[in-house]
Amino acid sequence: MQKRNEATMTDPSMIDFRIHAIAAGSDDGGRVLFQRMLSALIAVEYTTATDIRPDPGDWGIDVMVGSLADSIMIWQAKYFYEKIGDSQKRQIRDSFASAMKHAKANKYRVDAWTLCVACELSAPEKKWWDKKVKEWTKIFPDVQFDLWDVPRLRRKLMSPDASDVLEEFYGPGKQVALLQKPQNAAVEHAPLAPRAETPEYKEALFVKQMEIAGITELDAQRYAYFNADLLIRDVAARAIPTQLAAVDEVDATLQNAWELTVTDPATAPNADDYEGSARTFYASVMRQAGATKAPDVLPLRPMHTSGLMHRIVDDSRAGWVHDWRRVAREHTESGDSTGSRVHQAISSAEEDASRE
């Protein structure tokens with residue numbers, strides 16, 4: 001096998017599994033790609049691993065090894081890339097219950113049940129999982145439980161034995177093609193993530209800046225930030241020089257538009273009409289942001305460029321009121337700032353790419 005080109009392939013230690021949703025254009029499509037990757041990864045160790053097609057149901061099995069006439073090991077794929085909240089916990093419980101119910105009804109044994117998720121678990125989430133495993137083990141003492149979260153999945157993809165899986169799902173010509181325009185091909189804009197998955201960003205600085213400016217309609221703005229964040233994380237992880245340069249160009253263009261608008265007396269925010277002038281300023285900048293064109297190698301939608309402007313604000317490099325620096329400073333000192341770290345992520349990726 002040829003040595004993989006690090007400049008055009010995501011390093012396994014940096015993979016963000018949300019890129020499956022970006023590549024597919026929806027969470028449903030991303031879920032399919034995530035399960036396909038898991039099936040291939042499981043087959044590295046268990047060559048007889050197979051998927052179960054729901055018809056009408058899947059008996060609580062996504063990927064299995066063994067025989068349904070005797071005993072099996074189950075891998076349950078849950079494409080949760082943000083958190084394990086109440087809804088996600090309920091789905092996990094329901095999946096395990098379904099697996100054990102169908103095993104009993106169809107007279108086969110479940111030897112192992114492994115949960116696979118696309119996120120890292122917080123301490124409270126990991127505690128919930130550990131307590132749930134302890135509870136289930138008392139009821140099903142012969143079942144071995146395991147958790148493949150993001151750190152485990154990344155480490156498995158680092159294995160030399162998994163190089164074909166890494167190449168297939170994260171190599172050049174695969175999902176990376178989402179952000180690259182082939183020669184003589186029409187530009188295809190990067191898809192947007194499902195709106196229902198948008199976080200509230202209650203503690204984010206970009207939200208705080210808008211709220212102080214008296215801007216109360218924020219749903220689309222959170223959605224724009226969410227999509228920009230997904231895309232930039234993916235670009236930083238892949239470290240493709242042309243895309244990194246394109247992100248820097250768009251970032252500089254947006255900040256330039258903000259700087260020109262803030263210096264114009266007709267649009268600059270002021271203390272006399274604190275909220276009114278801030279909203280006028282905000283509307284002017286964001287119209288320019290939505291109209292900003294990115295290089296073809298990074299075919300962004302207006303929603304992405306608007307989100308990138310919010311990332312600049314969240315990074316304390318801009319704001320919407322005349323005393324925006326004070327707002328940013330107090331927000332940071334309070335410990336609420338999310339910190340987009342777009343410059344840090346892109347700069348780090350550029351340094352890595354330059355060393356290749």
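In every chain, residue numbers begin from 1 and rise along the written sequence. Reporting in this predicted model follows two pLDDT cut-offs: at least 70 for local features of residues, and 80 or more for side-chain atom pairs to be given and counted; totals over whole chains, interfaces and linings ignore these cut-offs and use all residues. Side-chain measures were taken over the full set of non-hydrogen atoms in the model, leaving aside hydrogen atoms and water.

A. Local environment of the overall build of the protein chain. Only DSSP runs of H or I with at least four residues qualify as helices, and only runs of E with at least two residues qualify as strands; both kinds are numbered from the N terminus onward. In terms of regular secondary structure, the protein chain is built from 13 helices and five strands. Accessibility here uses a 1.4 Å probe with only protein chains present; expressed as a share of the type maximum, an area under 20% marks a residue as buried, one over 50% as exposed, and anything in between as partly exposed. Taken over 356 residues, the protein chain has a buried fraction of 49%. Note on contacts: a residue pair is in contact if any heavy atoms of the two residues lie within 4.5 Å. For the protein chain, the proportion of contacts with a sequence separation of at least 24, taken over those separated by at least 6, is 73%. Calculation of accessible area relied on Shrake-Rupley with a 1.4 Å probe; when residues are assessed, cover is drawn exclusively from the protein chains displayed. Here the protein chain has roughly 17400 Å² of accessible surface; of this, 49% comes from carbon and sulfur atoms.

B. Local environment of the side chain of His-331. By the element assignment, His-331 lies in helix H12 (residues 324–333). Separated by 3.4 Å, the side chain of His-331 and the backbone nitrogen of Leu-205 make a polar contact. We call two N or O atoms a polar contact when they sit within 3.5 Å, provided that within protein one can donate a hydrogen and the other can accept it, with sequence-adjacent residues counted only if both atoms are side-chain atoms.

C. How the structure looks around helix H5 (residues 150–158). Taken together, the buried positions of H5 are occupied by Val-150, Leu-153, Arg-154 and Leu-157. Looking down the long axis of H5, one finds its buried residues gathered within 100° of arc, a one-sided arrangement. Tucked into the core, H5 has its buried residues touching helix H2 (27–45), strand S4 (109–117), strand S5 (144–148) and helix H6 (163–170). Taken from the helix axis, the directions to the C-beta atoms give the arc we talk about.

D. Expanded view of the pattern of salt bridges. The salt bridge criterion pairs a side-chain nitrogen of Lys or Arg with a carboxyl oxygen of Asp or Glu, the two atoms within 4 Å. Inspection of every chain in the model, using the stated rule, returns 17 salt bridges. The shortest N-O distance in the salt bridge between Asp-111 and Arg-109 comes to 2.7 Å. The exposure class of Asp-111 is partly exposed, given its relative accessible area of 24%. Given the relative accessible area of 42%, Arg-109 is considered partly exposed. One salt-bridge network, held together by shared partners, links Asp-16, Arg-18, Glu-82, Asp-229 and Arg-311.

E. Region of the structure containing the sheet that holds strand S2 (residues 63–66). Strand pairing requires that DSSP identify at least two bridges connecting the strands. Read from one edge to the other, the open sheet built from five strands follows the order S1-S2-S3-S4-S5, with strand pairing classed as mixed. Two strands lie at the open edges of the sheet, namely strand S1 (50–51) and S5, each paired on one side alone. By the bridge criterion, two bridges tie S1 to S2 in an arrangement that is antiparallel. The residue bridging Asp-51 from the neighbouring strand is Val-63, located in S2. Interaxial angles span 0 to 180 degrees and are taken between N-to-C directions of axes, which are lines fitted to C-alpha atoms, for helices over the stretch in contact. H2 rests against S1, S2, strand S3 (71–78), S4 and S5 of the sheet, and its axis sits at about 145° to S3. Along the sheet, H5 contacts S4 and S5; its crossing angle with S5, the most-contacted strand, is approximately 80°.

F. Representation of the packing of aromatic side chains in the model. To pair, rings of Phe, Tyr and Trp, with the six-membered ring standing in for Trp, must have centres within 6.5 Å; the planes then decide the type, stacked if under 30 degrees apart, edge-to-face if over 60, and tilted in the middle. Scanning the model with the defined rule gives 23 aromatic pairs in all. One aromatic cluster is present, formed by Phe-17, Phe-34, Tyr-79, Tyr-81, Phe-169 and Tyr-170 through successive ring pairs. Just above the ring of Tyr-223 sits the side chain of Arg-195; from NZ or CZ to the centre is 5.2 Å. Both a distance and an angle decide whether a charge sits over a ring: NZ of Lys or CZ of Arg must be within 6 Å of the ring centre and within 35 degrees of the ring normal.

G. Focus on the environment of Val-250. With respect to the element layout, Val-250 can be found in helix H9 (residues 241–263). Once the C-alpha coordinates of Val-250 and Leu-308 are considered, the two residues, 58 residues apart in sequence, prove to be 8.2 Å apart. With residues near it in sequence (within four places) discarded, Val-250 still touches Ala-294, Pro-295, Thr-305 and Leu-308.

H. Quick look at the nonpolar core. Counting residues in each nonpolar core, the largest one holds 68 residues, and the members touching the most others are Phe-17, Phe-34, Met-37, Tyr-170, Met-309 and Trp-320. If sequence neighbours within four positions are ignored, Met-309 has contacts with Leu-254, Trp-258, Val-285, Met-286, Ala-289, Ala-318 and Trp-320. Counting residues in each nonpolar core, the second largest holds 24 residues, with Ile-84, Ala-99, Val-117 and Cys-119 among its members. To form a nonpolar core, buried Ala, Val, Leu, Ile, Met, Phe, Trp, Tyr and Cys residues must be joined to one another through side-chain atoms within 4.5 Å.

I. Molecular detail of the pairing of S2. Across four bridges, the pairing between S2 and S3 is antiparallel. Bridged to Gly-66 within S3 is Ile-72. From the end of S2 to the start of S3, which pair antiparallel, there are four residues.

J. Region of interest: the packing of H2 against H6. Between H2 and H6, the shortest axis-to-axis distance is 9 Å and the interhelical angle comes to 165°. In terms of orientation, H2 lies roughly antiparallel with respect to H6. Pair H2 / H6 crosses with right-handed handedness. Contacts from Leu-33, Arg-36, Met-37, Ala-40, Leu-41 and Val-44 of H2 reach H6 at Val-165, Phe-169 and Tyr-170. As a working rule, the residues Ala, Val, Leu, Ile, Met, Phe, Trp, Tyr, Cys and Pro are called nonpolar, Asp, Glu, Lys and Arg charged, and the rest polar, with Gly in that last group. Broken down by class, the residue content of the contact of H2 with H6 amounts to eight nonpolar, no polar and one charged. An angle below 35 degrees is treated as roughly parallel, one above 145 as roughly antiparallel, one from 65 to 115 as roughly perpendicular, and anything else as oblique. Here a crossing is taken to be left-handed if its near helix is turned anticlockwise relative to the far helix by less than a right angle, and right-handed if that turn runs clockwise.

K. The arrangement of the confidence of the model for the protein chain in detail. Predicted confidence across the protein chain gives a mean pLDDT of 85, with 84% of residues reaching 70 or more. pLDDT under 50 marks residues 1–8. Its contacts with residues more than four places away, or in other chains, come to 19 contacts. Every residue in residues 175–187 scores below 50 in pLDDT, and together they form 33 contacts with partners more than four places removed in sequence or on other chains. A residue's pLDDT is the predictor's confidence in that residue, given on a scale from 0 to 100.

L. Highlighting the pairing of S3. Burial analysis of S3 places seven of its eight residues in the buried class, which makes it a mostly covered element. After leaving S3, the chain enters helix H3 (residues 86–106) and then returns to the sheet as S4, a path that is right-handed. Classification remark: right-handed applies to a crossover when, strands pointing away from the viewer, the course from the first strand over the helix to the second runs clockwise.

M. Region of the structure containing the environment of Phe-34. Note that Phe-34 resides in helix H2. Taking C-alpha positions, Phe-34 is 6.5 Å from His-20, a pair spaced 14 residues apart along the chain. Setting aside residues up to four positions removed in sequence, Phe-34 forms contacts with Phe-17, His-20, Ala-77, Lys-78, Tyr-79, Cys-116, Val-117, Ala-118 and Leu-153.

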